[in-house]
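Read off the chains here:
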Amino acid sequence: MKIKIKLIRKVEQAAQVVASNDDLLIEILLRLPIKSLIRFKLVSKHWHSLITDPKFCHLRNPKPNPALGLFLLPRLNYYVIPCFEYVPFSVQEPTNPSLLKLKFTKDPHGISIVQSCNGLLLCSSFQAHEPNRRYYVYNPTTKHFTTFPKTDQETGIRKKIRGMYLAFDPAKSPHYKVVCVRHVELDQGEYEYQIEVYSSETGPWIVSSQHFTAEVNFEEGVYWSGSIHWISYEKVESLYFNVDEKRLETTPLPPFLDGWMGRSNYYFGESCDHLNFIQTFGSQCQFNVYEMKRDYSEWFVKYEVDLSPLVTTFSGMISSYLNPMDWYFSRSILCLIRGEKEKDSFLVLQIPGKVIRYNLVCKTFETLHECAEVKDVLSFTYGSQHIDKDVEEVLSFTWTIGFQHIESLCCV
């Protein structure tokens, strides 16, 4: 009994030493998984202060964690208040519940995801008119969020938001910025664009550029290397805006393929500090993955992809609409994930009924997710009779790219 009491006292003394030494306590906490740290924030105010300190977050993850999965919007939820499906990248170790309902605050219009950026989600009111639309930054790991203020409206000038983007790099700063591109209507029906920036550190919106003209798709911006990037699917121009330097520049256009743009599938995104571009046509099994050089000098071929074995295995990918001769492969690229090692890089594809992980180096593939069956209905009139006919199984998720889920302790 005496030996047991002495042992308990030694354990208590050791615990007191650890608790009274912040440096030692931090070293221990740095080695714990994020889920444990979230629970340990409740131990005391002091522990909460240590774990939520931006310096601690940076020490634990000097660079962003790799993505663990994707949030995807099912087609069936596209016109109703959205409920996102979560698809983990590991079949053996699912990391989260399969559904994500964004109910972190009461929004009468519901809440949808606009962009994911290094562990944070940029969200907005779903299908709300611009005067009623709210924007949020949400951390799905900590379940914390913030609502940022609306942009200023100059008297007598009509402005419309064309795009809103999150700029967040935890390796550089614990603070994030939000970039807004506005469509400014001038006299005689002409219009130009203007960029405004909001900082979580300094506060209000600041106009960061003069009016300018551009022919890019401002609805889809990608954050990479400290800048927001846009491309033109009409093959006109490509731009980037350096957020810290408030500088707008042009870049080389991606290597677009010739053909009818309406039948092509694009991917333009970032992963692990790499900017990639893919374009494929419906009847293509083979295509290239391009990467932008860090000095913006050119796009180069990073990977060569051949989906022929995938089509052989899943013959349901072969689709046609009305004319059997007008066939194509039913699939879309949801995301490209770069691994810490080159051999771990992969594409995430959706095909009818499935989400597939395709290794870009080994050329192997596996099923990540089985989807609910979705049928497309063709409506037409034959004589005096109206006919609705199931044409074929279609893709379960919208054609937008998936939103990466990255664990993060960063405060919002």
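Remember, predicted model here, so these are calculated numbers, not experimental data.

Parameters at a glance
- Every chain is numbered independently, its residues counted from 1 as its sequence is written.
- Thresholds applied to this predicted model are a pLDDT of at least 70 for local features of residues and 80 or more for the giving and counting of side-chain atom pairs; totals over whole chains, interfaces and linings are not thresholded and use all residues.
- Only hydrogens and water are set aside when side-chain values are computed; all heavy atoms of the structure are taken into account.
- Residues belong to a common nonpolar core when they are buried Ala, Val, Leu, Ile, Met, Phe, Trp, Tyr or Cys residues joined through side-chain atoms within 4.5 Å.
- Burial classes: relative accessible area under 20% of the type maximum marks a residue as buried, over 50% as exposed, and values in between as partly exposed (1.4 Å probe, protein chains only).
- Comment: elements are numbered from the N terminus, with helices defined as DSSP H or I runs of at least four residues and strands as E runs of at least two.
- Any two residues whose heavy atoms approach within 4.5 Å are treated as being in contact.
- Criterion used throughout: strands pair if DSSP finds at least two bridges between them.
- Every axis corresponds to a line fitted to the C-alpha atoms, with the helix fit spanning only the stretch in contact, and the corresponding angles, defined between N-to-C directions, vary from 0 to 180 degrees.
- The reported arc concerns the directions from the helix axis to the C-beta atoms and nothing else.
- UniProt positions are given in the numbering used here, feature names are shortened, and annotations may be inferred rather than shown by experiment.
- Pairing of aromatic rings covers Phe, Tyr and Trp, the last counted by its six-membered ring, and requires centre-to-centre distances within 6.5 Å; plane angles under 30 degrees mean stacked, over 60 mean edge-to-face, and any other angle means tilted.
- Look at NZ for Lys and CZ for Arg. If either is within 6 Å of the ring centre and within 35 degrees of the ring normal, a charge sits over the ring.
- Handedness of each helix crossing follows the sense of rotation of the near helix against the far helix: counterclockwise by less than a right angle gives left-handed, clockwise gives right-handed.
- Throughout this description, the term salt bridge denotes a Lys or Arg side-chain nitrogen within 4 Å of a carboxyl oxygen of Asp or Glu.

**Side note on the nonpolar core**
Counting 36 residues, the largest nonpolar core has F89, I278, V305, L347, V348, V355 and L360 as the members making the most contacts within it. Looking at this core, the elements that each hand over two or more residues are β1 (69-72), β18 (286-292), β19 (299-306), α6 (308-313), β22 (332-337), β23 (346-351) and β24 (354-359). Ignoring sequence-local partners within four residues, the contact set of I278 consists of N265, Y266, Y267, F287, N288, V289, I333, L336 and L347.

**Side note on the sheet that holds strand β5 (residues 120-125)**
Sheet strands line up and pair through hydrogen bonds in the backbone, either parallel or antiparallel. An order of β4-β5-β6-β7 is seen for the four strands of this open sheet, with the pairing classed as antiparallel. With partners counted over all chains shown, the strands left at the sheet margins are β4 (111-117) and β7 (144-147), one partner each. The sheet shows a mean angle of 25 degrees between the axes of neighbouring strands, taken without regard to direction. Pairing analysis gives six bridges linking β4 to β5, with the strands arranged antiparallel. Counted as the bridge partner of S116 is L121 from β5.

**What about helix α2 (residues 22-29)?**
Taken as a whole, α2 has its buried residues at L25, I26 and L29. The buried residues of α2 occupy an angular sector of 100 degrees when projected down its axis, which confines them to one face.

**Some thoughts on helix α4 (residues 45-52)**
Those residues of α4 that sit buried are W47, L50, I51 and T52. On its buried face, α4 is in contact with α2, α3 (34-40) and α5 (54-60).

**So, the pairing of β24**
Of all six residues in β24, five are buried, a share of seventy percent or more. The pairing of β23 with β24 spans six bridges and is antiparallel. The partner of Q350 across the bridge, within β24, is V355. Taking the residues between adjacent antiparallel strands as the criterion, β23 and β24 are bridged by two residues, where G353 takes a positive phi near 85 degrees. With five bridges connecting them, β24 and strand β25 (residues 365-370) associate as antiparallel partners. Bridge pairing in β25 links I356 to T367. Where β24 folds back on β25, the antiparallel hairpin that results is connected by five residues, among which K363 adopts a positive phi of roughly 65 degrees.

**Here's the deal with the UniProt feature "domain: F-box" (unreviewed entry) in the chain**
Per the UniProt annotation, the sites labelled "domain: F-box" (unreviewed entry) are residues 22-60. Span residues 22-60 is 77% helix and 0% strand, its end C-alpha atoms 15 Å apart.

**Things to note about unusual backbone geometry**
Notably, Q127 is not glycine yet its phi reads approximately 55 degrees, a positive angle. Within the fold, Q127 resides in the loop between β5 and β6 (135-139). A relative accessible area of 52% means that Q127 is categorised as exposed. Unusually for a residue other than glycine, C272 sits at a positive phi of about 50 degrees. With respect to the element layout, C272 can be found in the loop between β16 (264-271) and β17 (274-281).

**Re the packing of aromatic side chains**
All chains considered together, the criterion is met by 23 aromatic pairs. Judged by centre distance (6.4 Å) and plane angle (75 degrees), the rings of F212 and F218 are edge-to-face. An aromatic cluster of at least three residues, connected via ring pairs, comprises Y165, Y191, Y193, F212, F218 and W230. When the ring centre of Y303 is taken as reference, the NZ or CZ atom of K302 above it lies at 5.8 Å.

**A few points about the packing of α2 against α4**
Running from amino to carboxyl end, α2 crosses α4 at an angle of 65 degrees, the nearest separation of the two axes being 11 Å. When you trace α2 past α4, the crossing you get is right-handed. In this structure, α2 contributes D22, L25, I26 and L29 to the contact, and α4 contributes H46, W47, L50 and I51.

**Quick word on the pattern of salt bridges**
Counting across every chain of the model gives 12 salt bridges. E370 serves as the salt-bridge partner of K354, at 2.9 Å between the closest nitrogen and oxygen. Residue K354 is found in strand β24, and its partner E370 is found in strand β25; the two are separated by 16 residues along the sequence. Exposure remark for E370: the relative accessible area of 51% places this residue in the exposed category. What you see here is one network of salt bridges that share partners, running through E130, R182 and E196.

**Some words on the sheet that holds strand β15 (residues 247-250)**
Pairing is antiparallel across the open sheet formed by four strands, whose spatial order is β12-β13-β14-β15. Among the strands making up the open sheet, the edge pair consists of β12 (222-224) and β15. Between one strand and the next, the sheet's axes are offset by a mean angle of 25 degrees, whatever the strand orientation. Two strands pair when backbone bridges link them, and strand β14 (residues 238-242) and β15 are joined in this way by four bridges, in the antiparallel orientation. Bridge pairing in β15 links N242 to R247.

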